[in-house]
Structures are given as structure tokens and as C-alpha cells.
Amino acid sequence: EYALAQAYYFRALKRSFLEPDIHNRLLTASLGVLASQDDAKIGYKTMLQVAIDMYPDRTEIFDRFTELAKVEAELGQKAEAVQTNIKLAAVAEHFRKSPALLKSTEFVPADLFELEGQAYEDAGNLKNSKVAFAGGVREYARMAQDAGLKEGERGYLLERAYCLWR
């Protein structure tokens, strides 16, 4: 019940005096506490859904979708977990195609190809997963070339190798 009350509280607080960045940080902190305390996971799931709905344009959405799919799987809601992973892949693609959303973040388009590939794989869609990972291979290769890295150097090439392996 506490987690459900928290979800209601954060929905109401969104309309208050807090700036969105501060509200988002408070919401993230509450999610961290609930993740370790909510044994039933129902309230935690509700809070994740609230956070996803409130901040669809923040990069925290990737972790929130990933965690939501994990919680749904733990609750035996396999179909919901698959749908959540498909939504995660679509959101990763949206961010990848909207470079303005990535400003002032640690994400690059290649990371999003990788995230998209993993989400599709977790959803059981291996065809789209391979396509996304192949996009990651191309993007990491381009980034390594732009950075002047030689074959065998770490960094982008290590990430590229991971995408090739997947």
C-alpha cells in the first residue's frame, strides 16, 4: 500500500512547484528504495509505470523499462514483459532518431542500437534483434574510425565486438 500511495503522491507532486529535473531525481530515489523494500513488487511495478508515463523524454526511461520487464517476469506476467521489451526497443529507436534527446547525456546512437537489440532479444524477436545489433556494429565502426582507433584497440571496437557476437 505504501508504494501505491507513493505513486499517487508523485503524480500529484508533478503539478506542484518542483522543477521537472528535481521531481525526476526524487522519483528515481523513491524507485531505488521501493526496489529493495517492496517484496510483493506490485507497488514497485506501479511506480515504474508512473515514472515511465511522467518522463518519457528522459534517458532514465531505459532503466525503468528494463526494470519493469524484469518485475513483470518475476510476477509471472510473461506477456506483459514481452510487450514492455517491445516498447523499450521502440523508445530506444525513437531516441536514436532524435539526436536532440541525447544532448547532455552519456548515450550515443550506437548504445541505443545495442539497447534496442537486447530488448528485441528479450522479447523473443531475434530477427529485429539481429538487425539492431548490426546497426550497432556499423555505428561503433564509424565512431572508431572517426576517433582514429586502430583494429585491436579498446573502446568503441570492444563494443562493436559485443554487437557482432550478439
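As the structure is a computational prediction, the values presented were derived from the model and not from experiment.

Trainee: Would you mind going over the overall build of the protein in detail, with residue names and values included?
Mentor: Each helix and strand counted, the protein has eight helices and zero strands in total. Starting at the N terminus, the α and β elements of the protein follow one another as α-α-α-α-α-α-α-α. Counting the 166 residues in the protein, one finds 40% classified as buried. Roughly 9,600 Å² of accessible area belongs to the protein as shown, and the carbon and sulfur atoms make up 55% of that amount.

Trainee: Which residues make up the nonpolar core, and what are the values?
Mentor: Where a protein is soluble and globular, its nonpolar side chains tend to be buried together. Counting residues in hydrophobic clusters, the biggest one holds 29 residues, and the most contacted among them are Leu 27, Met 47, Ile 61, Phe 62 and Phe 95. Of all elements in the fold, only helix 1 (2–13), helix 2 (20–37), helix 3 (42–54), helix 4 (60–74), helix 5 (78–96) and helix 6 (109–122) reach the threshold of two or more residues within this core. It is helix 3 that provides the largest number of residues to this core, a total of seven residues. Counting residues in each nonpolar core, the second largest holds six residues, with Phe 133, Val 137, Met 143 and Cys 163 among its members.

Trainee: Describe helix 3, with residues and values.
Mentor: Here helix 3 is 13 residues long and its end C-alpha atoms lie 18 Å apart, about the 18 Å a rise of 1.5 Å per residue gives. For helix 3, the full list of buried residues reads Gly 43, Tyr 44, Lys 45, Thr 46, Met 47, Leu 48, Val 50, Ala 51, Ile 52 and Met 54.

Trainee: Explain the packing of aromatic side chains to me, using residue names and the numbers behind them.
Mentor: Per the stated rule, a full pass over the model turns up two aromatic pairs. Consider the rings of Phe 62 and Phe 95, whose centres lie 5.0 Å apart with planes at 65°: the pair is edge-to-face. Linking Phe 62 in helix 4 with Phe 95 in helix 5, this pair joins segments that are 33 residues apart in sequence. For the pair formed by Phe 62 and Phe 95, the shared burial category is buried. Centroid distance Phe 62 to Phe 107: 5.1 Å. Interplanar angle 65°. Geometry classified as edge-to-face. Residue Phe 62 is found in helix 4, and its partner Phe 107 is found in the loop between helix 5 and helix 6; the two are separated by 45 residues along the sequence.

Trainee: Quick rundown of the pattern of salt bridges? Include the residues and the values.
Mentor: By the definition in use, this model includes seven salt bridges. The closest approach of N and O atoms between Asp 21 and Arg 58, which form a salt bridge, is 2.6 Å. Remark: Arg 58 occurs in the loop between helix 3 and helix 4 and Asp 21 occurs in helix 2; sequence separation between them is 37 residues. Between Arg 142 and Glu 139 there is a salt bridge; the shortest N-O distance is 2.5 Å. Separated by three residues within a single helix, Arg 142 and Glu 139 lie in helix 7 (residues 126–147), roughly one turn from each other. Bridged by salt links that share partners, the residues Asp 21, Asp 57 and Arg 58 form one connected network.

Trainee: Report on unusual backbone geometry, specifying residues and quantitative values.
Mentor: Of note, Ser 104 is a non-glycine position whose phi angle comes to about 60°, a positive value. By secondary structure assignment, the location of Ser 104 is in the loop between helix 5 and helix 6. Given a relative accessible area of 84%, Ser 104 falls into the exposed group.

Trainee: Mind laying out the side chain of Asn 85, listing which residues take part and the relevant values?
Mentor: Secondary-structure assignment places Asn 85 in helix 5. Not counting the four nearest positions on each side in its chain, Asn 85 is found in contact with Ala 69, Ala 119, Asp 122 and Ala 123.

Trainee: Give a description of the confidence of the model for the protein that names residues and reports values.
Mentor: The predicted coordinates should not be examined in detail at positions where pLDDT is low. Chain-level statistics for the protein give a pLDDT mean of 85 and a share of 88% at 70 or above. Put simply, helix 8 (residues 156–165) is where the protein has its lowest mean pLDDT, 68, and helix 5 is where it has its highest, 97.

Procedures and definitions
- Residues numbered from 1 in each chain as written.
- Predicted model: local features only at pLDDT ≥ 70, side-chain atom pairs only at ≥ 80, totals over all residues.
- Heavy atoms only, no water.
- Helix = DSSP H or I, 4+ residues; strand = E, 2+ residues; numbered from the N terminus.
- Buried < 20%, exposed > 50% of the residue type's maximum accessible area, 1.4 Å probe, protein only.
- Areas by Shrake-Rupley, 256 points an atom, 1.4 Å probe, with all protein chains shown as cover.
- Core = buried A, V, L, I, M, F, W, Y, C linked by side-chain atoms within 4.5 Å.
- Expected span 1.5 Å × (residues − 1).
- Phe/Tyr/Trp six-rings, centres within 6.5 Å; stacked < 30°, edge-to-face > 60°.
- Salt bridge = Lys/Arg side-chain N within 4 Å of Asp/Glu carboxyl O.
- Contact = heavy atoms within 4.5 Å.
- pLDDT = per-residue confidence, 0-100.

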